[in-house]
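Inside the fold
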Amino acid sequence: MKRNVLFVCIHNSARSQMAEAFLNHECDDQFEAHSAGLEPGRLNPMVVEAMNEIGIDISGHKTKSVSDMMNSGKTFNYVITVCDETSAERCPIFPGGTTRLHWGFPDPSGFLGTHEEKLSKTREVRDAIKEKVTRWCEENCEAAK
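Residues numbered from 1 in each chain as written. Predicted model: local features only at pLDDT ≥ 70, side-chain atom pairs only at ≥ 80, totals over all residues. Heavy atoms only, no water.

**Side note on the side chain of Ser35**
Positionally, Ser35 belongs in strand β2 (residues 31-37). A polar contact is formed between the side chain of Ser35 and the side chain of Asn12, at a distance of 2.8 Å. A polar contact of 2.6 Å, which involves the side chain of Ser35, links it to the side chain of Glu20. Setting aside chain neighbours within four positions, we find Ser35 in contact with Leu6, Phe7, Asn12, Ser16, Gln17, Glu20, Lys64 and Met69. (Helix = DSSP H or I, 4+ residues; strand = E, 2+ residues; numbered from the N terminus. Polar contact = N/O pair within 3.5 Å; in protein donor to acceptor, adjacent residues only side chain to side chain. Contact = heavy atoms within 4.5 Å.)

**A few points about the pattern of salt bridges**
A side chain with one charge may pair with a side chain of the opposite charge, provided their charged atoms come close. On inspection of all chains with the given rule, the structure shows seven salt bridges. The shortest N-O distance in the salt bridge between Glu26 and Lys130 comes to 3.5 Å. Of the two residues, Glu26 sits in helix α1 (residues 15-26) while Lys130 sits in helix α5 (residues 115-144), which places them 104 residues apart along the sequence. For Glu26, a relative accessible area of 29% corresponds to the partly exposed category. (Salt bridge = Lys/Arg side-chain N within 4 Å of Asp/Glu carboxyl O. Buried < 20%, exposed > 50% of the residue type's maximum accessible area, 1.4 Å probe, protein only.)

**Details of unusual backbone geometry**
The phi angle at Asn12 is positive, at roughly 55°, despite the residue not being glycine. Summarising the element assignment, Asn12 is placed in the loop between β1 (3-9) and α1.

**Examining the sheet that holds strand β3 (residues 78-81)**
Strand order in this open sheet of four strands is β2-β1-β3-β4, and the pairing throughout is parallel. The two strands at the open ends of the sheet, each matched to only one other strand, are β2 and β4 (99-102). Averaged over all pairs of adjacent strands, the angle between strand axes in this sheet comes to 20°, irrespective of strand direction. Contacting β1 and β2, α1 runs over the sheet at an angle of about 170° to β2. (Pairing = 2+ DSSP bridges. Axes fitted to C-alpha atoms, helices over the stretch in contact; angles between N-to-C directions.)

**Observations regarding the pairing of β1**
With seven of seven residues buried, β1 lies mostly within the body of the structure. Residues of β1 alternate between two faces, with Arg3, Val5, Phe7 and Cys9 on one and Asn4, Leu6 and Val8 on the opposite face, all of them buried. Examined bridge by bridge, β1 and β2 share seven bridges and lie parallel to one another. The residue of β2 that forms the bridge with Arg3 is Phe31. In this region the chain leaves β1, passes through α1 and returns to the parallel neighbour β2; the handedness of that crossover is right-handed. As paired elements, β1 and β3 share four bridges and run parallel to each other. By the bridge assignment, Phe7 is partnered in β3 with Ile80. (Right-handed = clockwise from strand over helix to strand, strands pointing away.)

Here it is in structure tokens:
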């Protein structure tokens, strides 16, 4: 049976969307990943572009709120915040046997510069999230076997 994972950040527009996509791409036989935001915004086009570069299309993803996820009745084995420390503290406690983790990554919506400079920084965040998800998936898929 798949374990549910919820990635949470502020707007569900960048980091949590990437983490959801990577986990569903790399470990979909073990986990079902979801994402949500404390204050859902709009999907970041720079993130969509960076993900497309590596063959993962998230352009059809919608932003979702944490409260909607809580009200859905779905239980999560893991809730992983991917925002900064102060924002992670605002994340509500989910019912059930949830393990809460925090993986902090810079917010692409705050990047300044030209399109190429912002895209370059977004790629760095994308690659860091991919590396973290890959390592975590390897550790937790092994533990499940």
